[in-house]
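Remarks on the overall topology
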4 protein chains.
Amino acid sequence: MPQALLIECNDQIGLVHQITGVLYRHGVNIISNQEFVDHQRQRFFMRTEYQGTLDQSIALAELQTLLPSNANIRFARAYTPRILILATKEHHCLGDLLIRHAFAELKAEILGVIANHEQLGQLVQRFDLPFHYLSHRSYTREAHEQALLEVIHAAQPDYLVLAKYMRVLSPQFVAQFPQRIINIHHSFLPAFVGANPYRQAFERGVKIIGATAHFVTDELDQGPIIAQQVMPIDHSHSVDELIQAGREIEKHVLAKALDLVLSERVFLSGNRTVIFD
Amino acid sequence: MPQALLIECNDQIGLVHQITGVLYRHGVNIISNQEFVDHQRQRFFMRTEYQGTLDQSIALAELQTLLPSNANIRFARAYTPRILILATKEHHCLGDLLIRHAFAELKAEILGVIANHEQLGQLVQRFDLPFHYLSHRSYTREAHEQALLEVIHAAQPDYLVLAKYMRVLSPQFVAQFPQRIINIHHSFLPAFVGANPYRQAFERGVKIIGATAHFVTDELDQGPIIAQQVMPIDHSHSVDELIQAGREIEKHVLAKALDLVLSERVFLSGNRTVIFD
Amino acid sequence: MPQALLIECNDQIGLVHQITGVLYRHGVNIISNQEFVDHQRQRFFMRTEYQGTLDQSIALAELQTLLPSNANIRFARAYTPRILILATKEHHCLGDLLIRHAFAELKAEILGVIANHEQLGQLVQRFDLPFHYLSHRSYTREAHEQALLEVIHAAQPDYLVLAKYMRVLSPQFVAQFPQRIINIHHSFLPAFVGANPYRQAFERGVKIIGATAHFVTDELDQGPIIAQQVMPIDHSHSVDELIQAGREIEKHVLAKALDLVLSERVFLSGNRTVIFD
Amino acid sequence: MPQALLIECNDQIGLVHQITGVLYRHGVNIISNQEFVDHQRQRFFMRTEYQGTLDQSIALAELQTLLPSNANIRFARAYTPRILILATKEHHCLGDLLIRHAFAELKAEILGVIANHEQLGQLVQRFDLPFHYLSHRSYTREAHEQALLEVIHAAQPDYLVLAKYMRVLSPQFVAQFPQRIINIHHSFLPAFVGANPYRQAFERGVKIIGATAHFVTDELDQGPIIAQQVMPIDHSHSVDELIQAGREIEKHVLAKALDLVLSERVFLSGNRTVIFD
């Protein structure tokens with residue numbers, strides 16, 4: 001993972017010059033530089049990859065002096081981020097992540113998998129990872145989420161990844177992990193929010209289906225979109241065939257979104273993402 | 001345009017055998033054959049292209065005897081269909097259709113263009129076609145639609161093509177042209193129905209935008225979908241850039257949908273289209 | 001897997017009528033029917049899915065009487081096809097197939113994996129499948145292929161799947177498995193045949209890369225194409241990033257092609273495939 | 001068209017800081033900033049859009065002092081570029097450009113159209129533009145190109161656009177317009193160079209066809225690629241249908257490439273393009 005400086009602040013004249021000046025004076029070499037100004041919100045975003053060594057705390061202090069007072073300035077994490085996966089019964093997204101993880105392509109350490117059904121246990125065990133079976137049956141939502149939280153707090157993940165976790169999380173739960181829960185929704189949002197999106201797509205007779213990876217917020221299926229992908233279909237696809245076909249894009253979109261988030265390439269500007277890909 | 005037999009009826013065993021038997025006994029050669037059974041609605045659809053000559057009225061009578069009583073059996077029209085285009089101010093879909101028409105690639109005769117603004121008049125005149133400027137200002141919707149109807153009834157088109165016509169047609173108007181009005185909507189329906197879909201797409205932060213060609217029914221943006229296409233976008237696109245980018249797919253999708261409808265490749269099964277492409 | 005009748009023969013008038021007549025008289029119900037005539041070669045192809053029971057040998061005999069003498073008539077296999085996978089070092093295609101297999105989504109039984117390097121052994125063992133490590137070092141090509149053949153003859157697979165197997169097979173080897181070896185090539189063939197296609201793509205500065213699944217014939221990278229897929233790239237992608245990005249489509253294309261072949265939806269017309277998808 | 005500073009030079013530490021410093025001291029506001037380093041060639045590219053006024057000759061002088069001696073530094077042109085279109089018989093690319101031009105969406109002034117056949121004359125005249133019919137019959141290539149050059153030298157275009165101009169230009173001709181001739185080739189290069197690419201694609205049985213816009217160099221179909229696009233096809237497409245389908249992407253790709261070139265977003269790094277889109 002390359003070293004990167006990540007900045008978000010109100011826009012003003014001269015920002016790029018000043019920021020690159022700090023890096024220049026510290027003697028590091030810029031590999032790539034991406035900036036964006038959200039002109040509607042007058043907000044500046046920048047991600048700079050560099051080579052060489054610099055004292056991050058000194059550089060941060062210098063940048064804080066130069067940049068607007070509300071600036072969010074940080075360096076990309078130096079450690080491999082840790083994720084905990086939540087799943088239900090479907091294996092395709094989880095299997096894809098496990099294979100990538102087994103060959104060190106995930107850019108994260110999988111701490112374990114929580115599932116509210118037990119079917120996926122064997123798959124997880126094939127990869128020698130902890131599997132936490134926490135059935136939601138005979139529990140209130142609060143009690144079930146409390147059980148989830150115990151596993152999560154013990155594991156201390158950087159991100160929660162909902163790999164086709166088919167239960168809606170409460171706003172109270174979500175509020176504890178802002179911008180740290182990534183979900184894959186099985187439709188091209190905002191089309192077909194809620195349950196059974198493939199049946200909805202079938203009924204509506206669309207000619208393209210899709211999948212959406214997004215950050216989870218307290219409004220169902222309304223969080224900032226990280227990645228989307230689509231595929232053409234036609235009248236001959238049954239609902240079951242749509243579900244099957246959709247799995248291919250679901251796993252691809254989730255992997256893509258995770259790659260972007262784990263590489264710290266995703267910023268938020270309101271409810272929209274700014275992605276330096 | 002090849003000769004084609006078009007059939008829609010309740011499904012039952014032996015339909016393909018019986019239908020192709022009639023064609024066989026008439027001595028024509030099947031070029032291509034496409035069938036589909038909507039198993040949910042137990043409805044059978046078939047489009048057969050053939051070479052050779054047969055007496056259509058005799059063949060129809062034979063088919064009516066063999067097929068279920070509610071069968072819809074017909075031969076593809078032998079004449080070039082006639083269309084009337086409705087537009088407003090945007091030129092891109094109209095211009096694309098005019099070029100195709102000028103080089104006999106449209107599979108239709110354009111009878112003229114009606115517009116509720118006058119900007120497109122010069123373009124239409126370049127192609128020596130009638131331009132009917134019918135402003136909606138200072139007219140009630142009823143009176144304006146009455147003016148449209150006068151032009152339409154005089155022209156006797158097979159289809160009305162809404163090439164970015166930005167006014168909503170009344171259910172009374174629409175009811176006069178069932179499955180004969182084709183619209184291009186500037187979003188990937190059912191996402192972003194109604195006005196300003198590109199602004200809606202911007203606000204929601206989607207990573208893909210699209211366009212949808214559909215038959216117009218009395219429910220706004222809810223008619224059967226004929227064709228859809230999408231393109232990737234990112235955070236850097238302003239609303240104006242989305243509008244501009246979207247035009248490329250709007251004109252392509254409308255042309256594609258028209259080609260399918262004019263080739264009589266589109267059937268309806270409830271609110272879904274069955275397309276033999 | 002549905003029951004299906006598969007026919008290939010010289011084209012003549014009345015084929016569909018006659019073929020469906022046999023099925024009709026046997027009392028089975030046609031679920032779907034796909035036909036194609038290669039007019040250049042005057043060759044007819046048909047795949048019919050049906051429900052119900054019929055005596056296949058009687059039906060075959062009837063069809064042989066009715067159809068041209070060189071007709072290739074058969075029913076889709078009633079058993080799960082058996083495949084043997086050949087790989088080298090890259091895990092992505094293999095891992096994808098193993099996950100699908102573990103959840104009975106592959107439409108085939110994986111008999112084992114042969115590899116000329118040992119890195120993939122652990123992955124295969126996670127899924128409790130035989131791993132045959134057959135290094136090519138210090139062997140002539142003939143001797144190495146002889147070792148492959150011993151494993152293959154013992155396993156008796158229906159198909160050999162080259163999941164990024166990076167050695168060229170001899171014409172003598174290939175000739176033993178006509179239309180039974182499926183390869184994934186890491187370029188959009190016929191662009192970039194041979195070695196290092198991603199480097200070739202980088203040097204040429206293409207804006208799209210792709211992958212191609214094809215049957216292996218004795219001419220390198222020239223066999224009939226089953227499936228292709230592409231993705232956009234730009235100047236910022238290094239060769240290594242192209243390789244990484246390409247893996248996503250390689251595994252998708254190979255899975256797609258396998259699905260088509262294993263479902264017996266792929267016919268050959270000369271060096272081109274006819275696919276009833 | 002926004003104001004933009006365009007820089008290409010050998011890479012060295014501190015370039016972004018120094019360049020943005022000049023703009024900062026001149027008091028202009030950076031709207032967007034895109035950079036790329038071709039690490040293989042150690043070459044730096046930058047395109048900066050800014051708002052405000054500055055004395056370009058002073059700024060250039062300052063930049064020349066700061067940047068490596070071989071730096072190519074310039075401001076985007078302040079005038080609308082002028083293009084001359086060369087065509088043969090096919091109307092689709094030309095028609096698309098004429099419509100865009102008629103509505104001021106082309107980012108260029110079309111000075112006229114040269115064609116070696118006369119069929120397109122009527123279309124060009126509809127748009128009140130000069131049409132130069134220069135048949136190649138009964139001329140040597142040299143004499144024909146000499147006739148082209150006379151029209152070109154009289155018109156003084158910034159770019160020549162080959163909108164399906166079906167004759168190969170001589171190296172002597174091409175050498176006079178380096179990086180100033182844009183061609184649309186009807187295949188996904190480097191697949192199917194030369195004549196009849198759609199027939200080649202048909203024979204090879206590819207499942208995807210494409211089109212490529214590129215700068216013309218003295219090696220046929222080998223110039224730097226600006227834009228490419230593809231579409232899926234299947235076995236049922238005849239060569240004529242491929243040609244027809246391909247036209248849709250040809251016109252789209254040419255328009256896209258022109259938009260990029262005319263916006264001065266395209267740099268060359270060897271035979272590859274660097275595109276700041």
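Here the structure is a predicted model, which means the values were calculated and not measured. Numbers given to residues run from 1 along each chain, matching the order in which its sequence is written. Chain labels run from A onward and ligand labels from 1 onward, assigned in the order the entries are written. Two thresholds apply to this predicted model, a pLDDT of at least 70 for residue-level local features and 80 or more for giving and counting side-chain atom pairs, whereas whole-chain, interface and lining totals are computed over all residues. Excluding hydrogens and water, the side-chain figures rest on all heavy atoms present in the structure.

Some remarks on the packing of aromatic side chains
The criterion, for reference: Paired rings are identified among Phe, Tyr and Trp, the last through its six-membered ring, by centres lying within 6.5 Å, and are further divided according to the angle between planes into stacked (under 30 degrees), edge-to-face (over 60) and tilted (the rest). The classification of residues rests on relative accessible area computed with a 1.4 Å probe and restricted to protein chains. Under 20% of the type maximum is buried, over 50% is exposed, and intermediate values are partly exposed. Only DSSP runs of H or I with at least four residues qualify as helices, and only runs of E with at least two residues qualify as strands; both kinds are numbered from the N terminus onward.
This model, assessed by the stated rule, comprises 21 aromatic pairs over all chains. Relative to F45(A), the ring of F36(A) has its centre 6.5 Å away and its plane inclined at 25°; by these criteria the two rings are stacked. Across the pair, F45(A) and F36(A) agree in class, each one buried. Aromatic pair F45(B) and F267(B): ring centres 5.8 Å apart, planes at 70°, arrangement edge-to-face. Taken together, the residues span a long stretch of sequence, with F45(B) in strand β3 (residues 43–51) and F267(B) in strand β12 (residues 266–269) at a distance of 222 residues. Take F45(B) and F267(B): they sit in the same class, and that class is buried. Taken together, the ring pairs in this structure connect F36(A), F45(A), F267(A) and F276(A) into an aromatic cluster.

Re the sheet that holds strand β7 (residues 131–133) of chain A
Sheets are built from strands paired through backbone hydrogen bonds, the pairs being either parallel or antiparallel. Residue and element names in this part refer to chain A. Basically, it comes down to this: By this definition, two strands are paired if DSSP reports at least two bridges between them. The axes are straight lines fitted to the C-alpha atoms, using for helices just the contacting stretch, and the angles between their N-to-C directions are given from 0 to 180°. Contact between two residues is taken to exist if any of their heavy atoms lie within 4.5 Å; hydrogens are not considered.
Read across the open sheet, the seven strands follow the order β7-β6-β5-β8-β9-β10-β11; overall the sheet is mixed. Looking at which strands have only one partner, the edges of the open sheet turn out to be β7 and β11 (225–232). The average angle at which neighbouring strand axes cross in this sheet is 15°, direction not considered. Relative to strand β10 (residues 208–215), strand β9 (residues 181–185) is paired through four bridges, and the arrangement is antiparallel. Looking at β10, one finds that H185 is bridged to T212. Sitting on the sheet, helix α3 (residues 92–102) is in contact with β5 (82–87), β6 (109–115), β8 (159–162) and β9, with an inclination near 160° to β6.

Description of the domain arrangement of chain A
When the parts of a complex come together, some accessible area is lost, and that lost area is often taken as the interface size. All names here are of chain A. Selection rule: Residue ranges for the domains originate in an automatic or database domain assignment. What counts as buried area is the accessible surface, traced by a 1.4 Å probe, that two parts surrender upon association, with contributions from both included. We count a salt bridge whenever a side-chain nitrogen from Lys or Arg sits within 4 Å of a carboxyl oxygen from Asp or Glu. Identification of polar contacts relies on pairs of N or O atoms within 3.5 Å, with a donor-acceptor requirement for protein atoms, meaning one able to donate a hydrogen and the other able to accept it, and with residues adjacent in sequence counted only if both atoms are side-chain atoms.
The domains assigned to chain A are domain 1 (3–75) and domain 2 (82–275). Taken over C-alpha atoms, the centre of domain 1 sits 32 Å from the centre of domain 2. Taken together, the twelve residues of domain 1 in the interface contact eight residues of domain 2. In total, domain 1 and domain 2 occlude about 850 Å² of area from one another, counting both sides; carbon and sulfur atoms represent 48% of this. Linking domain 1 with domain 2 are two salt bridges, by the criterion used here. Close ionic contact of E264 with R74 constitutes a salt bridge, the shortest N to O distance being 2.6 Å. Here domain 1 is connected to domain 2 by six residue pairs in polar contact (both at pLDDT 80 or more). A total of four residues in the side of domain 1 that touches domain 2 trace back to one element, the largest contributor, which is strand β3 (residues 43–51).

Comments concerning the pattern of salt bridges
According to the stated counting rule, one finds 68 salt bridges over all chains in the structure shown. Of the charged contacts in the structure, one is a salt bridge between R247(D) and E105(B), with a shortest N-O distance of 3.1 Å. With R247(D) in helix α8 (residues 239–262) and E105(B) in the loop between α3 (92–102) and β6 (109–115), the pair connects residues from two separate chains. A salt bridge links R43(D) to E8(D); the shortest N-O distance between them is 3.2 Å. Of this pair, R43(D) sits in strand β3 (residues 43–51) while E8(D) is found in strand β1 (residues 3–10), placing the two residues 35 residues apart along the sequence.

Side note on the relation of the copies chain A and chain D
The two chain copies are connected by a rotation around an axis plus a translation along it. Convention followed: When the copies are superposed, the least-squares fit takes in the C-alpha atoms of residues with a pLDDT of at least 70 in both.
Laying chain A over chain D is done by rotating through 180° and shifting 0.0 Å along the axis; what remains is an RMSD of 0.0 Å. Taken together, the turn and the small shift mark the pair as related by a two-fold rotation axis. When C-alpha positions in chain A are compared against the rotation axis, the closest is assigned to H17(A), at 2.5 Å. With an isologous cut-off of 70% or more, the 100% of interface residues of chain A that recur at the interface of chain D puts this contact in the isologous class.

What to know about the interface of chain A and chain D
Each side of the interface is counted separately: chain A has 17 residues, and chain D has 17 residues. Summing both sides of the interface, chain A and chain D together bury roughly 1,500 Å²; the carbon and sulfur share of this comes to 58%. Counting the surface chain A buries against chain D, the share from its top three residues, I13(A), H17(A) and Y24(A), is 41%. Along the contact surface separating chain A from chain D lie zero salt bridges.

Some thoughts on the interface of chain B and chain A
Contacts between the two partners involve 33 residues from chain B, matched on the other side by 33 residues from chain A. When the area that chain B buries against chain A is broken down by residue, the three leading residues are R204(B), H235(B) and R272(B), summing to 29%. Our count for the contact surface shared by chain B and chain A stands at zero salt bridges. Inspection of the chain B/chain A interface yields 13 residue pairs in polar contact (both at pLDDT 80 or more). Going through the elements one at a time, α7 (197–204), β11 (225–232) and β13 (272–275) of chain B are the ones with two or more residues in the side of chain B that touches chain A.

Side note on the sheet that holds strand β8 (residues 159–162) of chain D
Residues and elements named next belong to chain D. Taken in spatial order, the seven strands line up as β7-β6-β5-β8-β9-β10-β11 in an open sheet, and their pairing is mixed. The open sheet terminates on both sides in strands that have one partner only, identified here as β7 (131–133) and β11 (225–232). Strand-to-strand twist in this sheet, taken as the mean axis angle between neighbours without regard to direction, amounts to 15°. Packed on one face of the sheet, helix α3 (residues 92–102) meets β5 (82–87), β6 (109–115), β8 and β9 (181–185) and runs near 160° to β6.

Here's the deal with the UniProt feature "active site" (unreviewed entry) in chain A
Worth spelling out the cut-off: UniProt positions are given in the numbering used here, feature names are shortened, and annotations may be inferred rather than shown by experiment.
As recorded in UniProt, the feature "active site" (unreviewed entry) lies at D221(A). Following the sequence through the fold, D221(A) ends up in the loop between β10 and β11. Once you skip the residues sitting within four places of it in the chain, D221(A) turns out to touch H185(A), L189(A), V193(A), G194(A), H214(A) and R204(B). A polar side-chain atom of D221(A) sits 3.4 Å from a polar atom in the side chain of H185(A).

Some words on the packing of helix α7 (residues 197–204) of chain A against helix α8 (residues 239–262) of chain A
Residues and elements named next belong to chain A. The criterion, for reference: Angle categories are assigned with fixed cut-offs, so that under 35 degrees is roughly parallel, over 145 is roughly antiparallel, 65 to 115 is roughly perpendicular, and the rest are oblique. Crossing handedness is defined as follows: a turn of the near helix away from the far one that is anticlockwise and smaller than a right angle gives a left-handed crossing, while the clockwise case is right-handed. For this classification, the nonpolar set comprises Ala, Val, Leu, Ile, Met, Phe, Trp, Tyr, Cys and Pro, the charged set comprises Asp, Glu, Lys and Arg, and every other residue, Gly included, is treated as polar.
One can describe the packing of α7 onto α8 by two numbers: an axis separation of 9 Å at closest approach and a directional angle of 120°. On the basis of their axis angle, the class for α7 and α8 is oblique. Here the hand of the crossing between α7 and α8 comes out right-handed. In this structure, α7 contributes Y198, R199 and F202 to the contact, and α8 contributes V239, L242, I243, G246, R247 and E250. Here the contact of α7 with α8 is composed, by residue class, of five nonpolar, one polar and three charged.

Some thoughts on the relation of the copies chain B and chain A
Superposing chain B onto chain A takes a rotation of 180° plus a shift of 0.0 Å along the axis, which leaves an RMSD of 0.0 Å. Take the interface residues of chain B: 100% of them recur as interface residues in chain A, which is what a same-surface contact looks like.

Regarding the pairing of strand β13 (residues 272–275) of chain C
All names here are of chain C. Alternating positions in β13 separate into two faces, R272 and V274 on one and T273 and I275 on the other, with burial throughout. Examined bridge by bridge, strand β12 (residues 266–269) and β13 share four bridges and lie antiparallel to one another. Note on β13: the bridge partner recorded for F267 is V274. Turn length for the β12-β13 hairpin, with the two strands adjacent in sequence and antiparallel, is two residues, and the turn residue G270 shows positive phi of about 65°.

Description of the UniProt feature "domain: ACT" (unreviewed entry) in chain A
UniProt's feature table lists "domain: ACT" (unreviewed entry) at residues 4–86 of chain A, given in the numbering used throughout. Structurally, residues 4–86 of chain A is divided into 27% helix and 42% strand, and its ends, taken at the C-alpha atoms, are 29 Å apart.

With respect to the pairing of strand β10 (residues 208–215) of chain D
All names here are of chain D. Burial analysis of β10 places eight of its eight residues in the buried class, which makes it a mostly covered element. On β10, burial covers both faces: I208, G210, T212 and H214 on one face and I209, A211, A213 and F215 on the other are all buried. Pairing between β10 and β11: seven bridges, direction antiparallel. If you follow T212 over to β11, its bridge partner there is Q228.

So, the environment of E250(C)
Residues and elements named next belong to chain C. By secondary structure assignment, the location of E250 is in helix α8 (residues 239–262). The exposure class of E250 is buried, given its relative accessible area of 0%. The spatial distance from the C-alpha of E250 to the C-alpha of H92 is 8.4 Å, given a sequence separation of 158 residues. When sequence neighbours within four positions are dropped, the list of residues in contact with E250 reads H92, C93, K164, I184, H186, Y198 and A211.

Some details on the packing of helix α1 (residues 15–25) of chain D against helix α2 (residues 56–66) of chain D
Residues and elements named next belong to chain D. Contact geometry of α1 with α2 gives a least axis separation of 10 Å together with a crossing angle of 155°. Classified by the angle between their axes, α1 and α2 sit roughly antiparallel to one another. Judged by the sense of rotation from one axis to the other, the crossing of α1 with α2 is right-handed. Here Q18, I19, V22 and R25 of α1 lie close against α2, whose contacting residues are A59, E62, L63 and L66.

A word on the side chain of H117(B)
Residues and elements named next belong to chain B. Locating H117 in the fold gives a position in the loop between β6 and α4 (121–126). Residue classification places H117 among the buried positions, given a relative accessible area of 13%. What H117 contacts, discounting residues up to four positions off in sequence, is T88, K89, F131, Y133, H136 and R137.

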